[in-house]
Amino acid sequence: MMMSFHAQLLSSTEDAHLYRIIMDGGERFAFMVLDTDDGFIVSANSTGDPSGGLRLSLRDGEMQPSADGAADESAEMSWEEFALVSGNIRRAWLKEDAAPTKITKYYG
């Protein structure tokens, strides 16, 4: 499991916000999309196209399988890492009522 992450907003449209996730001091990278129109956060590729097997509901914070199916083992993030990062993005979005520009967390 990662020990730190930095989520940085790369681009935004009206309802979709693409984040680059820098993990473990720059050793690993991943991407997520905060989709406020559809109400979820999902793993994505660098262009913002959804990828991966989980999504987090903005409404209730529940993890659900994405429309793409189960996550594969070659994904940049484990399910636990996805839950941790997406949960922090969701909390910041709820608190600010807007897409946060950056979130940094250190663990351990």
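Residues numbered from 1 in each chain as written. Predicted model: local features only at pLDDT ≥ 70, side-chain atom pairs only at ≥ 80, totals over all residues. Heavy atoms only, no water.

(A) Examining the packing of aromatic side chains more closely. Under the definition given, this model contains zero aromatic pairs. In this structure, arginine 55 is placed above the aromatic ring of phenylalanine 40, and the distance from its NZ or CZ to the ring centre is 5.1 Å. (Phe/Tyr/Trp six-rings, centres within 6.5 Å; stacked < 30°, edge-to-face > 60°. Lys NZ or Arg CZ within 6 Å of the ring centre and 35° of its normal.)

(B) Inspection of the pairing of strand S4 (residues 40–44) at higher detail. Among the five residues in S4, five count as buried, and that is most of the element. Residues Phe40, Val42 and Ala44 of S4 are buried on one face, and the alternating residues Ile41 and Ser43, pointing to the opposite face, are buried as well. Where strand S3 (residues 28–35) lies against S4, five bridges are found, and the strand directions are antiparallel. In the sheet register, aspartate 35 faces S4, and the bridge partner there is phenylalanine 40. (Buried < 20%, exposed > 50% of the residue type's maximum accessible area, 1.4 Å probe, protein only. Helix = DSSP H or I, 4+ residues; strand = E, 2+ residues; numbered from the N terminus. Pairing = 2+ DSSP bridges.)

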